[in-house]
Structures are given as structure tokens and as C-alpha cells.
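Structural overview for review
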Amino acid sequence: MITKLFNPRKKLLWLLLNIFSAVVIYSQDRQKITGSVLDQDGIPLAGASIVVKGTTQGTSTDFDGNFSLNAPQGATTLIASYIGYATTEVPISNGPITITLQEDSSQLEEVVVVGYGTQNKSDVVNAVAVTDVEKALLTPTSDVNEMLRGRIAGLQVDVGGGTLRPGGTSDIIFRGQGSIEGSVSAIYVVDGIIRDGGIEDIDSDDIESVEFLKDASAQAIYGSRGANGVVLITTKRGKSGKVSVNYHGFVSSKTMERNFDVYNGQEFAQLRREAARSNIADGSYPNEEDIFSELELASIANNEFIDWEDELVKNGYVNSHAVSVSGGSEFTKVFGSVNYFKEEGIIPTSSYTRKTLRLNVDQKISDKFSVNFDLNILNDDTERAANVNVITTSPLGRAYDEDGNLTQFPSGEELSAVNPIWNLREQDNDEKGNDYVINVTPIWQITKDLQYQLKTNLTRRTSERGQYQSSLSSAGDDVNGIARIDNRLTESYLIENILTYDKAFNENNKLNLTLVQSSQENKYSRTFTEGQGFSNESLGYDGISNAVGNVTVERDKNQQRLASFMARARYNLNNKYLLTATARADGASVNSQDNKWSFNPAASAAWKLHNENFLRDVNAVQELKLRASYGSLVNDLGRAYTSLFTADGQNYTFDRESFSGYSPSVILPNTDLKFERITTLNLGLDFSLFNTFLTGNVDYYDARTTDLLLRRGVPSITGYQYTFFNAGELQNTGVELNLTANIITTDNFKWSVSTNWSRNKNKLLELYNDGDGNPIIADDTYGYYVGQPVGVIYQYEFDGIWQEGEDFANAPQANPESALPQENLRPGDIKIKDTNGVDENGNETGIPDGKITPEDRVFKSPNPDWFGSLSTSLAYKGFDLFVDFYAVEGTTKVNPFLSDFNNGGTLSGKLNGVKVDYYTPENPSTSFPRPNYDTTPLYLNSLAVRDASYVRLRTVSLGYTLPDAITSDLSLEQIRFYVTGTNLFTDTDYIGYSPEVNIRSTFSNADTGYPDARSFTFGVRVKF
């Protein structure tokens, strides 16, 4: 019995001993491994997969990114993977292992901001373009628009006006000019807030992404505000995890770039001799004493001349520093930055200093409630260049006297040209500005699928511009000094209520609904004061209250209010068929009483062909998506009170006493004035082929603007000059192409080539009818011509220079029936081509008629035939290289260097100018006319119409990122050094500082025509 009881116990004990032995043996053959998995920003990745290489043994990371597993003895490698990140192998070592995964661009679904939300890029239905911010940041400028040039097809950057000066800003035009008198500028939406005005307060280092809404369906969510394109700018925000500190600093050196020479001393003296000689009957040269001062004669005799460019132009420089801090927890995320930017211009007294502060806070209050708070503060200080022109001032004479003091009149004769350095010393032109932008956005996640946002914004901009021209300056000498102070205040208030319903019913049916109610108020006020006559000039414009001469005060104030309602529906069926419908109603106070509201509908559809069965197994195709959109948006005049009777202050004298009164403004009000409407069709194709070797898209668009806002003159007897009204139709059609070829993509070497190409054709289709119902096809007063683009150049065609022995008597220009008959036509005069004629009824025949009349003028389009860029990026281990070319082909401009007296273009010998091959009896040039001291050559403007096409090597940037081994020893995450050259080379036949910017008038104080520059930049980026 005992034996029977003992045997089962013995067997159980024996079994337990065997199990224990097996466990001991097994444990001795295993090793415990612990560690964590993080992303490249140091944020834990929960759910990442960890597998021992060569086995099926593995685990997943917990919520904090930590893992623990047992691996067989002898195992050497772990494999870590996570959706959207590149799979990584790491060696097994003693102690905890930290694995960092990098985002895999081939796996990640790129998210694109599309306005009032985001979308996966593969689901975008409209013409939405995304710029490469890293490449854009290679341009060392304070102007964000200038950085975007060439980055997006269809986008043109207008750098006219004062764009290129330190602190200058530019405008961008999408897909041609869609209006004549109305607004043509795109709007900016920064972090979901529509901006009234520009984006001068945004530092480029704070930008996370930039998207462009280019077709009507995409723009319709912003209605009448977005008819000319929408720029979506998203700034950086904090991320949960460890605190990250970034520094970016660079210095740039700038030098003037030009492709012309001016006359040196002897050449200018000969130009003046030739100009005076042409008015002497026997062709002899005049006496030197009659055309030169004593000081000028001494200068010529001693061969001592003034090089005004050496005297005035200097090297400019840029100094920029940006520090940002980012971090946070699950509940609070913060991004803060401080930026400093200073530029000294290449023209003396021109500079710009900007200081910005940004704070973006995302606060999670509970699972249902959160709030975003954004604060951006700008303080800037601008010195504008005084009226300095190194081209037209005579090189004869002396800039300084024998004692080294400035001479007021270099030629030695009073009332002659004033020394530009003298004027520089005697003028000040400063501006100080402050911007405050505050956004507060509470968010309520009502349910899993339903969200409410309240977007609120306050923008306040103040500026004070002071100018002083002393009694010793050219402008202020006759009134004993001029002081001006210009104060401006701009305020904008925005409130938007946004309701979003986002529901995936199942894998094949997804719906997104967005409803928006928006209200905005923009206020603007300006006070301008000018005083003349000062006994004490030491205070400059700060002493304006002490003026003893004329004092003028102007006050301007206006207000615009906007109200909107928007609805958008997006539907995704089977991840193949995408539909979007948008409608927005906009009300604006700027229009007449009966035309304040407009309706802006749009719809679009896309077909993902690559998800169809007939392409699903085609390995060469990763994406092939067809898009089509159609929408109708309105555009306004952009100026208030044009539909109302307004009056301007007008002082008058009656019975020898002065009174203050009012007179009607020059604009005749139109009580029926309404919006113009822009209707756009867009067809597009997005593609990614051969395992993303070739990616890109192509778009075609046709945009028609009807009920154009036009200007028309009115009889002077009414007391008005002109009025605005609606009539006519304008068309923009074009093609855009974006291509990127990822030629080599390996771990150590990457090489890609990108290009974008755009072609836009702008044409006025019709104007209006006369009193008898006949169509008007031309308006010379305001430059409207049916069949021609906006801003077309309408000028006589230059046909060379008349030469000795030609038939002057029978020349069309000498015909008495010509509009400007030249009876004394002679060699050296400009020859004009006879291109057209008229019949007995005044109709054009297209056949030359032997005389020069206005019908002989020809049209030249100022718009390019095409424009685009070509760039390449290479990366080898720590090195990276970026090279970028930009080209504009087939554009025409009027060059004031060749026709304007104020810019030395008339060859009169009174002002210096661009050196050209002009006609003389000894040098019978066929390019430029004979100089003339007394009169400007007839038809000189025809000679100034020039091709402004160009190709520019815009950017070459070489960078190097230090290896991780070095940065880790320095307790840093990353260090990158780079050197960048900008505007290194420009190939163009257009004479000037730039084929884009014409020089300003010598005697103008307008803030225009600042020279372009070549720059070299050295920078460093450090990540802590």
C-alpha cells in the first residue's frame, strides 16, 4: 500500500526535477535585452516592433517606447520597425539599447494643408502646390515672397517698386493678371488666419510649410478673398518629448550686379561735343569754353575724373540670427523663437533691421477641449536710400575740394548738377514699425467625428516715416528745408466659427463636411504732415513743429467690413473616386448698396487610376490621378467708397480771407458698381512612376474674368476725371508642369533633378459698346486693347538709323501726311517701320501706306512666353549640394536707360548715361541715334522697347553636416555648415541692374528701382 502511494509521488517529483533542470538550462542559453525606440525628434514610439534577427522572437514597445525581451545566446542584431519609418538594424549590446528610427518618405503619406483643414496628398482633388521650404530658405532675404520664386509653377514674383531695397517687399501673381483695375494680389493665410496685407512679420525660420491654392475649387473656400490665389503658411509648433533648441545664423556679403558701362570722363566729354556739334550747320565742333566749365576743362586736360560708383556704392551685408525652442508634454506643447535680421544696403543710407518674437502654444485641457495660442511681434527700422544715382552724374569736375571738403557743384558752376554725396549727407528718410499679431483658437471635440473651432485674430500695425531735406539739399534749398512725417495705423479683427464632421463609414466610404461663418473688419488711418522753412535744422524732421513756412496736414481714414458663410463637402469612394463641392457667400462693404453680396461656388473631382484593377499590378505606376475642377469666384476693386459721393478738403480764398471747404473727389461715383467674376476650368494629372523615380504633375487652366472692373474718363465739365464701371471680359489660359527625377537613391548618395515650367497667355476678349451699340476695341487713354494682354506695350517699331545716301525725300517719316512729319530728316535720325495703312473709311488695311501714323504702332506683350526653373540636389554622406537656374523667355520691357532724359537716355550730353554705340558721321551706327544737345531724337521711345528675357544662375549652395560621432561628443544633435551664392550669373540682352527692375528716375524720390545684387552667404545650423 505504501509502495503504491510512494510511486506516484516519486514520479511527480521526478517530473518537477526535470522541468526545473530544463528551465535552468534554457535560462542559461538566453539573454535579457531592454531598451527604447524613439523618432528622430526624440519622441517615444509606442507599438514599434522589435525582432531578433534570424528568429521569430520579438516584442512591441509600450506607451513610453520601452521594450524588454529574451534573446538566444549568441544573437547579435535586433530589427526595429514602425509604420512610416525606415526599418533599422542595431547591434545587441550590454545595458539598455536606444534605437532611433528615421521617417521613410517612401512610406509616409504626406499631409497637405488645403485651408480649413488638411488632406493626405494622395487625396487632394485640386491644384494645390507645396514648396520645398528647405530650398527656399537658401535665399538670404527678409522677403518670404522672394524666397518662393521659381519654387512653384505658375507663380510670378513682381519685384518692381522698392522690392530689392533692404526691407523691401514684393507681390506674387498666380497664373497671370486676372484683373485690370481690380485686385491682382494673392492673399496669405497664416496658421489658418486670413491676413489683411503682407507677411512682413514672419521670419522664414519659423515656417514649417507653404502651400498654394491655384484653382478656383481650392480657392473657393476663401471666396472673394482668394480669387487671385491663396498662399497657406503654417508656422512651426511644439512637439511632445524632450526640449529641442535650434540655432540658425548666417552672414551675407552683397555686391552690385550690372551688365553695362557708363561713359568715362573722356567719353562723356566727347558725347557732349558730339551733341553740340549736331546743331552746327557745317558739322564743326564747338569751342570747348562754350560747353565746358573751367573746372571741367581742367578735369579733361589732367585726365582726372570722378568715378561715382566707387565714391557711392559699397558692399552690402546681411547678419541674421534665429533661436527657437520646442518641446512639451501630452497636455502642453510650446514653440518659441527670437529672430534678428539686419541688412546694410549697397546704396549708402539704405538699411533694414528687424526683430521678431513668436510664441505658439497648444494646450490640451481635457479629452474634449484644447486651445491654441499664437503671438507674433515685429519691430523694424528702415532707412531708405536718398535719391542717389551713380549713372547720370557727370564724371567731369571734382567731388572734393583741395581741402578734402565736399563740393556742392562738382562742375564748379552753381545751378548745375549737385554732388550726389552732398545730397546724401543732407537728407534723412527713416521708418519705424511695430506689428502685433495674436491668434486664439479654442477647439471642442464634440464627438469622435465632430469638431468645433473658434478662430480669433487681432492684427495691429503701426508705422512712422520721417523725412528731412535740409536747406543745403537740392530739394530743400529754395524753401529752407522740408520736413515730412507720415503716421499709419492698420488694424484687423477676424472671428471664424468652424464646424467639421469627418467620418469614415467603412474602408470604402469617407465623408468630410466643413461649415464656416466668418466676420472681419479692417481699419486704416493715416496722418501726413509737411512743414517748410526752418531756422534751426539740427532736429531734422523731429523739429517739424518749428516750421515757419507752409505747413500741410492730410488725414485719411477708411474701414472695410466682410462677412462670409462657407460650406465644403469632400467624399472618398473606394479610395478611387474623390469629389469636392464648395460654396461660399461673401458680403463686402466696398461695393454699392445693391451689390454687396456674392456667391462663389466650385466643384472638383479626381480619379485614382492607379487603384483600378487594370493598373494595380503595374509595378511601373505608383500614382496616376486625374483631376478636374470648375469654379466661379468674384474679385473686388480693393478700394473703399468708389460707389459713394465723396469730397476732399480744399482751402480757398474769398474776399481776401482764407477759408476751409470741400470739393468733390476726382472719381465720379458709380452706384451700380459690383464685383467682377473669375470663372476657372482646371484639368490636371498627378503621377509617380518607376518606384518614384519620376514624380510630378501637369495642369491646364482657362480662367475668364467677366464684368471687368474698368476705368473710363468722363467729361471735364462734370468736375470729375474718371469713373469705375463693369464691362468686358479677360482670359488667362496656361499650362504648368512640375517634374522631379530621383536619379540615385542609396544610403550614402542621393541625386535628384527638378524642374517647373509655366506658360500663361493673357488676352482681353472684349470691352464695351458705344452709344450706338458698336463694340469698342481700344481705349488709348487707359491702355485697353481687345485681343491684347493687360499692360501691353503699344509703340512704333524701331527700324534702325537713317544713313548717308538713303532716300530721305520719299521716306514715310518725311511724308507731310504723317502724324509727325520730319521734313529735315537726316543721317543719324531714328528710322520707323511703316507697318500699316488705312482706307478711305478709316479702316486698317495691314498694308504700308507710305506715311507714319498711329496705326503703324505695334503691340509687344510684357508677359513672358514661358518661365521656369531647373535645379539639382546631391547628397553624399555629410555633404549636400543644391544648384538652381531660373529663366524667363519672351518678355518685353521699356528701358528708361535708353529713352528717359532723367536717366541719361536722350544722348543730349547734359547727363551721363549707359554707354551705347551712337551715330556720328565718322561712326555711322545703326543702333542708336546721333546725340543732340537741344532736342530729344524723335521716336526715341521706340528704341527703348527691348527684350528682357534672361537666364539666371540663382542659387549654388554647398553644405556639410558633421558626423554623429562628433556631434555626440559635443553633446549636440546636429551641426550643419553651408555656403551659398545667389544671383551668381545672369545672361540677358537687357541693359540694366536687373532685367526685372528698371532704374528709378534720377529726380524722383519714389521708392523704386533699387539695384539688384549678387550675394555670398556663410551659415550654420545647430540643433541641441
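In short, a report on the structure. (Residues numbered from 1 in each chain as written. Predicted model: local features only at pLDDT ≥ 70, side-chain atom pairs only at ≥ 80, totals over all residues. Heavy atoms only, no water.)

Focus: the overall build of the protein
For clarity, the threshold we go by: A helix here means a DSSP run of H or I that spans at least four residues, while a strand means a run of E at least two residues long, and both kinds are numbered starting from the N terminus. Exposure is judged per residue with a 1.4 Å probe applied to protein chains only, and the accessible area is read against the type maximum: over 50% gives exposed, under 20% gives buried, and values in between give partly exposed. Only heavy atoms enter the contact rule, under which two residues are in contact if any of them lie within 4.5 Å. Note on areas: Shrake-Rupley with a 1.4 Å probe; residue coverage comes only from the protein chains shown. Asp and Glu count as negative and Lys and Arg as positive, but His and the ends of the chain are not part of the count. In plain terms, the charge of a residue is placed at NZ if it is Lys, CZ if Arg, CG if Asp and CD if Glu.
When helices and strands are counted, the protein shows 12 helices and 51 strands. Its C-alpha atoms put the protein at 155 × 75 × 65 Å along the principal axes. Evaluated residue by residue, the protein yields a buried proportion of 49% over its 1024 residues. Of the contacts formed within the protein by residues at least 6 apart in sequence, a portion of 68% connects residues at least 24 apart. For the protein, the accessible area works out to roughly 48,100 Å², and carbon and sulfur atoms hold 53% of it. Side-chain charges in the protein split into 90 positive and 132 negative, and the spacing between the mean points of these groups amounts to 12 Å.

Looking at helix α7 (residues 294-302)
Rules: Here the arc refers to the set of directions running from the helix axis out to each C-beta atom.
Every buried residue of α7 is listed here: Glu 296, Ser 299 and Ile 300. Considered in projection along α7, the buried side chains sweep an arc of 95° and stay on one side of the axis. Of the exposed residues in α7, the ones pointing more than 90 degrees away from its buried face are Glu 294 and Ala 301. Where α7 is buried, its residues meet α5 (265-277) and α6 (288-291). Positive phi appears at Asn 303, one or two residues downstream of α7, with a value of about 55°.

Re the sheet that holds strand β14 (residues 193-194)
Using the following cut-off: Strands are labelled as partners when DSSP assigns at least two bridges between them.
Strand order in the open sheet made by the 5 strands is β10-β15-β16-β13-β14, with mixed pairing throughout. The sheet terminates laterally at β10 (128-130) and β14, the two strands that pair on one side only. Note that strand β13 (residues 187-190) and β14 share 2 bridges and pair antiparallel. Residue Val 189 lies in a different strand from β14, and its bridge partner there is Ile 194.

Some thoughts on the pattern of salt bridges
Heads up, the condition is: One side-chain nitrogen of Lys or Arg within 4 Å of one carboxyl oxygen of Asp or Glu is enough to make a salt bridge.
Within this structure, the stated rule accounts for 57 salt bridges. Between Arg 526 and Asp 486 there is a salt bridge, with its nearest N and O atoms 3.1 Å apart. Separated by 40 residues along the polypeptide, Arg 526 in strand β25 (residues 509-532) and Asp 486 in strand β24 (residues 482-506) bring together distant segments of the chain. The class for Arg 526 is buried, based on a relative accessible area of 19%.

Considering the sheet that holds strand β36 (residues 722-726)
Strands belonging to one sheet form pairs held by backbone hydrogen bonds; the direction of such a pair is parallel or antiparallel. Strand order in this open sheet of 3 strands is β32-β36-β35, and the pairing throughout is mixed. In this open sheet, the two strands that pair with only one neighbour each are β32 (667-668) and β35 (709-713). Two elements, β35 and β36, share 5 bridges in a ladder whose sense is antiparallel. Each residue of the ladder has a partner; that of Arg 711, found in β36, is Phe 724.

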